[in-house]
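One letter stands for each residue in the lines below.
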Amino acid sequence: VSGEGVPLALLSPYLPERSDGRDWLLNGDIALDARIRPAGNAWDGSARLTSPQGGLRMSRRARGDLVGYRDLQLDADFNPQRIQATLGTGLSDGGRIDARLATGWDYAAPLSGAVAIDTTELTWLELFSPDIIEPTGTLAGRIALGGTRGTPTLGGQARLSGFRTELPALNIELTNGDVRMVAQPDGSARINGAVRSGEGVLNIDGSLDWRGGDAPLVLNVRGDNVLASDTRDIRAVIDPDLVVRYQ
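Being a predicted model, the structure only gives us computed values, none of them experimental.

Some details on the overall build of the protein chain
Counting its regular elements, the protein chain contains 0 helices and 16 strands. Principal-axis analysis of the C-alpha atoms places the extent of the protein chain at approximately 65 × 45 × 30 Å. Counting across all 247 residues of the protein chain, residues that qualify as buried make up 34%. Within the protein chain, counting contacts between residues at least 6 apart in sequence, those at least 24 apart form 39% of the total.

In structure tokens:
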């Protein structure tokens with residue numbers, strides 16, 4: 001299989017559906033060179049995918065890409081027992097992501113890998129909430145993967161520092177954000193951090209763990225004198241004490 005100048009826009013129908021019903025806007029193109037042959041009930045072969053640059057936008061009116069990259073290269077080798085892949089790409093802010101992964105086809109196959117990221121490009125956080133506008137800060141991390149493909153474990157650490165964003169719907173600004181994720185010996189990871197809103201500070205601590213249960217991400221959110229809304233209709237200063245579980 002080979003291809004040149006294949007537009008990324010062809011992938012749009014296969015991306016997760018947006019909550020507003022609109023289409024994702026992908027720009028850029030890829031080149032593909034792959035050799036694949038069947039081997040029993042699995043596959044044997046290799047593939048290389050490259051792209052000089054591209055990105056993802058929420059709308060045609062957007063001032064820039066939510067996620068932008070340059071010089072992307074993905075290499076994969078696979079046989080009936082093993083899948084190995086490496087990814088390297090620069091980011092539009094001058095940052096970079098490098099990753100490697102090795103596992104098998106089976107859900108219980110051993111997993112090993114690593115992800116390294118350094119970037120100040122945080123506009124992709126807008127994907128998680130329509131209320132977040134133009135987030136800034138620095139994300140740096142070195143994450144090791146282990147366990148199995150179905151239940152991965154984490155090693156290493158990551159940090160989001162100098163975080164700032166606006167929430168126009170509530171007319172508030174979050175500043176001085178600092179969040180750390182540090183892997184634990186049991187393969188889970190602890191999350192600790194804080195962010196300022198108004199005169200108060202919102203503190204976050206929790207865990208990320210795929211080993212059991214249906215909510216791998218659990219966060220405790222606490223704070224004092226936190227500005228939660230400052231609109232013409234309501235001004236609210238709260239002392240939250242919440243547990244958030246992400247299924």
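Concerning the nonpolar core
Of all hydrophobic cores here, the largest spans 8 residues; its members are Ile143, Leu154, Ala158, Met181, Ala189, Ile191, Leu208 and Leu219. Among the elements of the structure, β9 (152-167) and β11 (189-197) are those that each provide at least two residues to this core. Aside from chain neighbours lying at most four places away, what touches Ile143 is Gly113, Ala114, Val115, Leu154, Gly155, Gly156, Gln157, Ala158 and Met181. Counting residues in hydrophobic clusters, the runner-up holds 6 residues, among them Leu122, Leu139, Leu160 and Phe163.

Topic: the packing of aromatic side chains
Tallying each qualifying case throughout the model produces 1 aromatic pair. Aromatic pair Phe78 and Trp105: ring centres 6.5 Å apart, planes at 85°, arrangement edge-to-face. A residue pair is termed long-range when its members are at least 10 positions apart, and Phe78 in strand β4 (residues 67-78) and Trp105 in the loop between β6 (96-103) and β7 (112-119) qualify at 27 residues. Residue class for Phe78 comes out buried when judged on its relative accessible area of 15%.

A short note on the confidence of the model for the protein chain
Confidence in the prediction for the protein chain averages 91 pLDDT; 99% of positions are at 70 or higher. Averaged pLDDT values over the elements of the protein chain bottom out at 92 in strand β3 (residues 42-57) and peak at 97 in β6.

Some remarks on the pattern of salt bridges
Evaluated as defined, the whole model comprises 14 salt bridges. The salt bridge partner of Arg35 is Asp33, with a shortest N-O separation of 3.1 Å. Residue Arg35 is classed as exposed on the basis of its relative accessible area of 57%. For Asp33, a relative accessible area of 38% corresponds to the partly exposed category. Of the charged contacts in the structure, one is a salt bridge between Arg190 and Asp205, with a shortest N-O distance of 3.7 Å. Of this pair, Arg190 sits in strand β11 while Asp205 sits in strand β12 (residues 200-208), placing them 15 residues apart in sequence.

Focus on the environment of Ile133
The residue Ile133 is located in strand β8 (residues 133-147) in this model. A sequence separation of 13 residues divides Ile133 from Thr120, and the C-alpha atoms of the two residues are 15 Å apart. Each residue touching Ile133, except ones within four places of it in the same chain, is listed here: Glu126, Thr165, Glu166 and Pro168.

Concerning the pairing of strand β13 (residues 217-224)
Pairing of β12 with β13, which is carried by 8 bridges, proceeds in the antiparallel orientation. Note that in β13 the partner of Leu202 across the bridge is Gly223. With 6 bridges joining them, β13 and strand β16 (residues 241-246) adopt antiparallel strand pairing. Considered in β16, the bridge of Leu217 is made with Tyr246.

Comments concerning a nonpolar patch on the surface
Residues Ile36, Trp43 and Trp105 make up a contiguous nonpolar surface patch of about 330 Å² in total accessible area. Relative to the helices and strands, Ile36 resides in strand β2 (residues 25-39).

Topic: unusual backbone geometry
A negative phi angle is the norm for most residues apart from glycine, just as the trans form is the norm for most peptide bonds. Even without a glycine there, the phi angle at Glu134 is positive, about 50°. Positionally, Glu134 belongs in strand β8.

What counts as what
- Residues numbered from 1 in each chain as written.
- Predicted model: local features only at pLDDT ≥ 70, side-chain atom pairs only at ≥ 80, totals over all residues.
- Heavy atoms only, no water.
- Helix = DSSP H or I, 4+ residues; strand = E, 2+ residues; numbered from the N terminus.
- Buried < 20%, exposed > 50% of the residue type's maximum accessible area, 1.4 Å probe, protein only.
- Contact = heavy atoms within 4.5 Å.
- Core = buried A, V, L, I, M, F, W, Y, C linked by side-chain atoms within 4.5 Å.
- Phe/Tyr/Trp six-rings, centres within 6.5 Å; stacked < 30°, edge-to-face > 60°.
- pLDDT = per-residue confidence, 0-100.
- Salt bridge = Lys/Arg side-chain N within 4 Å of Asp/Glu carboxyl O.
- Pairing = 2+ DSSP bridges.
- Patch = residues over 30% accessible without salt bridge, like charges linked within 9 Å, V, L, I, M, F, W, Y side chains within 5 Å.
- Areas by Shrake-Rupley, 256 points an atom, 1.4 Å probe, with all protein chains shown as cover.

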